[in-house]
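# Structural features, examined
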Amino acid sequence: MEKITKITPTEFEIMDEIKSRWSPRAFDDVPLSESEIKQLLEAGRWASSSYNQQPWRIIYGLKGDAVYDRILSCLIPFNQDWAKNAQALFITAFKKTNKDGEPYYHAMHDLGLFMGNVVIQANHNGIAAHHMGGLDQEKAHQEFEFSEDFEVATAVAFGRYGGAVESLPEGLQEQELEQERSRMSISDFAFNGNFESK
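Below you will find a few notes about this structure. Predicted model, so just to flag it, every value in this text is computed and none were measured.

### Comments concerning a nonpolar patch on the surface
- On the surface, F12, M184, I186 and F189 cluster together to form a nonpolar patch covering roughly 450 Å² of accessible area.
- Within the secondary structure layout, F12 lies in the segment before α1 (16-19).

### As for the nonpolar core
- If you look at the biggest cluster of nonpolar residues, it comprises 29 residues, and the most contacted ones within it are W82, L89, I91 and M132.
- Looking at this core, the elements with two or more residues in it are α3 (66-74), α4 (77-83), β2 (88-95), β3 (127-132) and β4 (150-160).
- Among the nonpolar cores identified, the runner-up in size contains 23 residues, and I37, L41, F90 and F114 belong to it.

### Examining the packing of helix α2 (residues 34-45) against helix α5 (residues 107-124)
- It is at 7 Å that the axes of α2 and α5 come closest, and there the two elements cross at 135 degrees. What the angle tells us is that α2 and α5 run oblique. Once α2 is placed against α5, the crossing between them reads as right-handed. In contact with Q39, L40, L41, A43, G44 and R45 of α2, α5 contributes F114, N117, V118, Q121 and A122.

### Remarks on the pattern of salt bridges
- Overall, the coordinates contain 5 salt bridges when judged by the stated rule.
- The residue E36 makes a salt bridge to R160 at a minimum N-O spacing of 2.9 Å. In this pair, E36 sits in helix α2 while R160 sits in strand β4, placing the two residues 124 residues apart along the sequence.
- For R45, the salt bridge identified is with E42, shortest N-O distance 3.0 Å. Here the residue R45 and the residue E42 both occupy positions in helix α2, the gap between them amounting to 3 residues, near one helical turn.
- Residue E42 is classed as partly exposed on the basis of its relative accessible area, which comes to 36%.

### Examining the sheet that holds strand β1 (residues 56-62)
- If you walk across this open sheet you meet the 4 strands as β1-β2-β4-β3, and the pairing is antiparallel. Looking along the sheet, the strands with just one partner apiece sit at the ends: β1 and β3. Here the average twist between neighbouring strands, direction ignored, is 25 degrees.
- In this sheet, β2 lies alongside β1 in antiparallel orientation, the contact comprising 7 bridges. Across the sheet, the residue bridging to Y60 is F90, located in β2.
- The strands touched by α2 within the sheet are β1, β2, β3 and β4, with β1 carrying the most contacts at an inclination of about 165 degrees.
- Against the sheet, α3 engages β1 and β2, with an angle of about 115 degrees to β1.

### Thoughts on the environment of Y161
- Relative to the assigned elements, Y161 resides in the loop between β4 and α7 (170-176).
- Linking Y161 and W22, residues 139 residues apart in sequence, is a C-alpha distance of 9.5 Å.
- Not counting chain neighbours up to four residues away, the residues in contact with Y161 comprise K3, S20, R21, W22, P24, D28, N123, G126, I127 and A128.
- Within the structure, Y161 has its side chain in polar contact with the backbone oxygen of W22 (distance 3.4 Å).

### Describing α3
- Here α3 has its buried residues at Y68, I71, L72 and C74. Axial view of α3: buried residues confined to an arc of 155 degrees, hence all on one face.
- Looking at the packing, one finds that the buried side of α3 touches β1, α4, β2 and α6 (137-143).
- The N-terminus of α3 is capped by D65, whose side-chain oxygen sits 3.2 Å from the backbone nitrogen of V67.

### Digging into the side chain of H141
- By the secondary structure assignment, H141 is in helix α6.
- Polar contacts involving the side chain of H141 include one to the main-chain carbonyl oxygen of F150, which spans 2.9 Å.

### Comments concerning α5
- Between the first and last C-alpha of α5 there are 26 Å, a value that for 18 residues agrees with the 26 Å anticipated at 1.5 Å per step.
- Within the sequence span of α5, burial applies to A107, D110, L111, F114, M115, V118, V119, A122 and N123.
- In this fold, the buried residues of α5 make contact with α1, α2, β1, β2, β3 and β4.

Analysis parameters
Once a new chain begins, its residue numbering starts again from 1 and follows that chain's sequence as written. The predicted nature of this model means local features are confined to residues of pLDDT at least 70 and side-chain atom pairs, given and counted, to a pLDDT of 80 or more, with totals for whole chains, interfaces and linings taken over all residues. To get the side-chain values, all heavy atoms of the structure are used, and hydrogens and water are removed first. Only residues whose relative accessible area exceeds 30% and that take part in no salt bridge are eligible for patches, with like-charged residues grouped when within 9 Å of each other and nonpolar side chains (Val, Leu, Ile, Met, Phe, Trp, Tyr) grouped when within 5 Å. Computed with a 1.4 Å probe, the accessible areas rest on the Shrake-Rupley method; for each residue, only the protein chains presented here act as cover. By definition here, a salt bridge exists when the distance from a side-chain nitrogen of Lys or Arg to a carboxyl oxygen of Asp or Glu is within 4 Å. Secondary structure elements are defined from DSSP: runs of H or I of at least 4 residues count as helices, runs of E of at least 2 residues count as strands, and each element is numbered from the N terminus. Residues grouped as a nonpolar core are buried Ala, Val, Leu, Ile, Met, Phe, Trp, Tyr and Cys residues, joined through side-chain atoms within 4.5 Å. Buried, partly exposed and exposed residues are distinguished by accessible area as a fraction of the type maximum, computed with a 1.4 Å probe on protein chains only: under 20%, between the cut-offs, and over 50%, respectively. Angular values range over 0 to 180 degrees, each being the angle between N-to-C directions of two axes fitted as lines to C-alpha atoms, with helices fitted over their stretch in contact. For classification purposes, angles smaller than 35 degrees are called roughly parallel, those larger than 145 roughly antiparallel, those between 65 and 115 roughly perpendicular, and all remaining angles oblique. Crossing handedness follows the turn of the near helix against the far one: under a right angle anticlockwise gives a left-handed crossing, and clockwise gives a right-handed one. Two residues qualify as a contact provided that any one of their heavy atoms is within 4.5 Å of a heavy atom in the partner residue. Any two strands between which DSSP finds at least two bridges are classified as paired. Side-chain atoms alone can form a polar contact between residues adjacent in sequence; in general such a contact is a pair of N or O atoms within 3.5 Å, and within protein one must be able to donate a hydrogen while the other accepts it. The directions considered for the arc are those from the helix axis to the C-beta atoms. Each residue after the first adds 1.5 Å to the expected span of a helix.

In C-alpha cells form, the structure reads like this:
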C-alpha cells in the first residue's frame, strides 16, 4: 500500500523529520532487523539527561521472537488488536532514584528525551513509531523482572509506513486516513511572561 502522508500546518518552518512524523496503527509487513532497532537505540543513547545519569531502560522484541510476544501480552486488548501487526515492540522504563539514592524527579523527562531521539531517527529511516500508555505496567514489571528501583512507563510499536488500513479494526480505519494533523497553537502553551490558563 502507498504510504499515507498527512498535512501538518506548521506556524514556522521545521525539520522534515518532525513535520512528516505521525503515529500509524497500520504498518507495512516488511520486517525490521536487529541492526535497524540498534540504530534507533543508538540515537536514543545520545539524548541528554540530568547529570548524564541515563535513567532509561528498554526491553525490545522483534516480530516472531518470544520477547515480542511477551511485550504484546502486556498491552491492553485494544492495543493488542492493532499492535500485533507492528514489526517491533518496546517497553520503556526509568530509574526512580538518582545516583545519590534520592527521588529522580527528572527521570521521566529524560526518558522522553531518549524516545524523542529514537522517534526522529526512526522517521528519518522511514520507520513509524506509535507510543502507548495502554499497557499493564505491573504485569510488564513482573514479566521482565525489573527491580523495584525501576518503573515501567510506556510501550511503543514500530514498523515501516505504508501498512494496509484494512488490517485495522473497523473503528480505527477512518482515524488512520484523516488527512490533517492538529496541535495547540504556540500561544496556547508558551508565555513570554506569566502562565495563562487556557
